[in-house]
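Notes for the structure review
Below, each chain spelled out in residue letters.
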Amino acid sequence: MKLLGLVISTILTYAAAATTTHILHIDNESNFLDTIQSHKLVLVNFYVPDCEPCESIKPEYEKAAETLADSVRFAQVNCAESESICSAYRLKGYPTLQLFRRGKAVDVYSEEPKGIVNYVKSQMTFNIADIKTKAELEERKEKEPILIVAYVSPTDSVSIDQWKSISEEMMDDFAFALVTDDTLSATENISTLPTVVLYKHFDHLRDERKGDCKKQDIMDFIYINSVPLLGDITPKNFMDYVDAGRPLAYIFTDSLEMKNQMHELFLPLAEKYKDEFSFVHLNASQYPGQLELLSLDKQILPTLGIHNFKTGARYPFDQDVEFTLNRIDQFLSNIVDGGVEPVVKSQAFPQRSPDDTVHVVVGHEFNTVVFDRTKDVFIQIYAPWCRHSQQLAPIWQQLGDLVQSQDSGLVIAKMDGAVNDVPPSAGFQVKSYPTIKFVKAHTNEVVDYDGKRTLEDLVHFVNTHSSTVKLDLPVRHDEL
C-alpha cells in the first residue's frame, strides 16, 4: 500500500511539474530584465501566495503557457519574495497579468482566465493600415490623437518593410498607416518619397520627416513630435515625455494667471530649444516635491528647473536673479553647451572615527570615495524607510566588521539615497533601494550586486570580483 501511495504521489508530482515547465519563475531583477528584454512578447503573472484569485487563475495560465510555448514566453513573479520587481509596475492587485513587448510594459489582461490564449494570440499579430483614399485618411486623422503615416513608393520594398517593422515595435503607443498611392500622396503635398508625416491635434497639426526610414531616426522623430511644444505634464502623460528622450524643463507656477503669462514667455523658447528640451507646466502647489527634487524654493515663483532622466542630472534656475526671457535663454543655452554644473543633493560631511567599519558617504564626496582607484569599494545606497534596506543594515555592518578585522584594504561603504545624490558622472542612477555596487580598484569598473543579501553571499561576491582582496568567513561553532 505504501509503495502504491509513493507511485501515485510521484505521478501526481510529475504531472504538476509538467504543467508548469513552460512557465519561468523569476526571483531576481537581473533575470527579470533579461527575460523581458530577450523575448519579443512576455506575459508575466505577478502574484502572492495564499491569494484565492491567484490560485484560481493558475490552471488557465498554465494551459496558455503550454499552448503558446513556441511563440510567447510565460513567466511568474512571487511579489511577496520579489517586492523590488513588483513595486516598479504599481500593481493595483493580485494577480496582475502584465504583457511586455520587447522589454516594455504595454498592457494588462484583466478579463476571464479562459480568454488568456485568445488575448495573447491577438497581441502576436499586427497588420498596418494601407490607406487608399483621401476619405479614409481624413477619417483616421480625426479618430486618432496621433497618426503616423509613411508615404512610400509602391516599388520601394525596403522602405515598406522598414516601416512595417517600426510600426509593429511602436504599435502599443501610436496609430500607424502606409500610403503607396502617388495620387493620394500628392493631395497631401508630399513631394519627396519616402516621407513620414505625424498628424496630431495640437501645435502645428503635422510634422514631416523626409528621407530613408531609418529605425532610430524615425523613432526619435516620433517621440519628439508626439508631445506638445509646451503643455501640462500629468501622471498620465509623464512617460510620454520620458520616451521623448529630452530633458524636462519644468515651469513652476501657482495660479492660472501666472501660468498663462509663462506660456507666452516660454513659447518661443520651446520652439527654439525643441530638439534639446521638453517644456512643461507644473503647479507648484500640487507638486512641491518636484520643486524640492530640483533644489528650488517653493516661495519664489515662477521658476524653472531642468531634469535629465537619462543621466539623472538636475539644473535649478538661479532664483536670486530676475526671471526674464534673456536670463532664461542664457541658462538654457549654457546647459546645452555644458556650462552648468548639475546640482548634487548632499548631507554635511559626517564626523568619523578610525573605529568606523562602514564608511558613511555623502553626495559631495561620492566620486572621491567610491571611485578611489587605489581600493576596491563595496557600497550600498539605501533609504531608511525601505524594509529591504532595514533588513540589510545589520548584515552590512557585519561585513564591515569582517573586512576591518582582516585588514583587507577593501572599503565597505553606505549612503542614504533619500538625502544624498549619486552624481551624474558616476554613470548609474538609483532606481530602487538598496542599490549595491562593487567598484574595482585600478579600473573603476562598476559591478552590480543582485544576489542574496546574506553575509556568505556578499563575501563570495567580493572574493569573485576583487583582484586584491580575499576574505575568510568566520568559523561557526555549532553547539552539540
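Quick caveat: nothing in here was measured; it's all calculated off a predicted structure.

1. Description of the packing of helix α15 (residues 387-405) against helix α16 (residues 455-465)
- In the contact formed by α15 and α16, the axes pass within 10 Å of each other and the chain directions differ by 50°. In terms of axis orientation, α15 runs oblique to α16. For the crossing formed where α15 meets α16, the hand is right-handed. Judged by residue contacts, Leu392, Ile395, Trp396, Gln398, Leu399 and Leu402 of α15 engage Leu455, Leu458 and Val459 from α16.

2. Observations regarding the environment of Lys114
- Residue placement: Lys114 occurs in the loop between β5 (104-109) and α5 (116-124).
- Note: C-alpha distance between Lys114 and Ala418 (304 residues apart in sequence) is 44 Å.

3. A closer look at unusual backbone geometry
- A cis geometry characterises the amide bond from Leu301 onward to Pro302, with omega recorded as 0°.
- Along the chain, the position of Pro302 falls in the loop between α12 (288-293) and β14 (303-307).
- Although it is not a glycine, Asp203 adopts a positive phi angle of roughly 50°.
- Inspection of the secondary structure assignment puts Asp203 in the loop between β9 (195-200) and β10 (206-210).
- For Asp203, a relative accessible area of 37% translates into the label partly exposed.
- Here Ser295, not a glycine, exhibits a phi torsion of approximately 60°, which is positive.
- If you trace the backbone, Ser295 turns up in the loop between α12 and β14.

4. So, the pairing of β10
- Only one face of β10 is buried: it carries Asp207 and Arg209, and the other face, with Arg206, Glu208 and Lys210, is open.
- Bridge count for β9 against β10 is five bridges, and the pairing is antiparallel. Paired with Tyr199 across the two strands is Arg206, which belongs to β10.

5. Considerations on the packing of aromatic side chains
- With the rule as written, the count across this model stands at 26 aromatic pairs.
- Summarising the aromatic geometry, the rings of Tyr89 and Phe100 are spaced 5.3 Å apart at their centres and angled 85° between planes, so their arrangement reads as edge-to-face. Of this pair, Tyr89 sits in the loop between α4 (83-86) and β4 (96-101) while Phe100 is found in strand β4, placing the two residues 11 residues apart along the sequence.
- Residue Tyr89 is classed as partly exposed on the basis of its relative accessible area, which comes to 24%.
- With a centroid separation of 5.5 Å and 70° between ring planes, the pair formed by Trp163 and Phe176 is classed as edge-to-face. One end of the pair, Trp163, is in helix α7 (residues 157-169); the other, Phe176, is in strand β8 (residues 175-179), with 13 residues separating them in the sequence. Each member of the pair, Trp163 as well as Phe176, is classed as buried.
- An aromatic cluster of at least three residues, connected via ring pairs, comprises Phe266, Tyr273, Phe277, Phe279, Phe317, Phe323 and Phe331.
- Seen from the ring of Phe428, Lys437 lies directly overhead, with NZ or CZ sitting 4.7 Å from the centre.

6. A look at the state of the cysteines
- A complete count under the given rule lists two disulfides for this structure.
- Two residues, Cys51 and Cys54, share a disulfide whose sulfurs are 2.5 Å apart. Because the torsion about its S-S bond is 75°, the bridge between Cys51 and Cys54 counts as right-handed. One exposure class covers both Cys51 and Cys54, and it is buried.
- Across a sulfur-sulfur distance of 2.1 Å, Cys79 and Cys86 are joined as a disulfide pair.

7. Re the packing of helix α11 (residues 256-272) against helix α13 (residues 325-336)
- Contact geometry for α11 and α13: axes closest at 11 Å, N-to-C directions at 25°. One finds that α11 runs roughly parallel with respect to α13. For the pair α11 and α13, the sense of crossing is right-handed. For the pair α11 and α13, the contacting residues are Leu265, Phe266, Leu269 and Lys272 in the first and Leu325, Ile328, Asp329 and Leu332 in the second.

8. Some remarks on the domain arrangement of the protein chain
- You can read the domains of the protein chain as domain 1 (23-124), domain 2 (129-226), domain 3 (230-337) and domain 4 (359-465).
- A C-alpha centroid distance of 37 Å is found between domain 1 and domain 3.

Rules used in this analysis
- Residues numbered from 1 in each chain as written.
- Predicted model: local features only at pLDDT ≥ 70, side-chain atom pairs only at ≥ 80, totals over all residues.
- Heavy atoms only, no water.
- Axes fitted to C-alpha atoms, helices over the stretch in contact; angles between N-to-C directions.
- Helix = DSSP H or I, 4+ residues; strand = E, 2+ residues; numbered from the N terminus.
- Parallel < 35°, antiparallel > 145°, perpendicular 65-115°, else oblique.
- Left-handed = near helix turned anticlockwise from the far one by under 90°.
- Contact = heavy atoms within 4.5 Å.
- Buried < 20%, exposed > 50% of the residue type's maximum accessible area, 1.4 Å probe, protein only.
- Pairing = 2+ DSSP bridges.
- Phe/Tyr/Trp six-rings, centres within 6.5 Å; stacked < 30°, edge-to-face > 60°.
- Lys NZ or Arg CZ within 6 Å of the ring centre and 35° of its normal.
- Disulfide = S-S within 2.5 Å.
- Domains from an automatic or database assignment.

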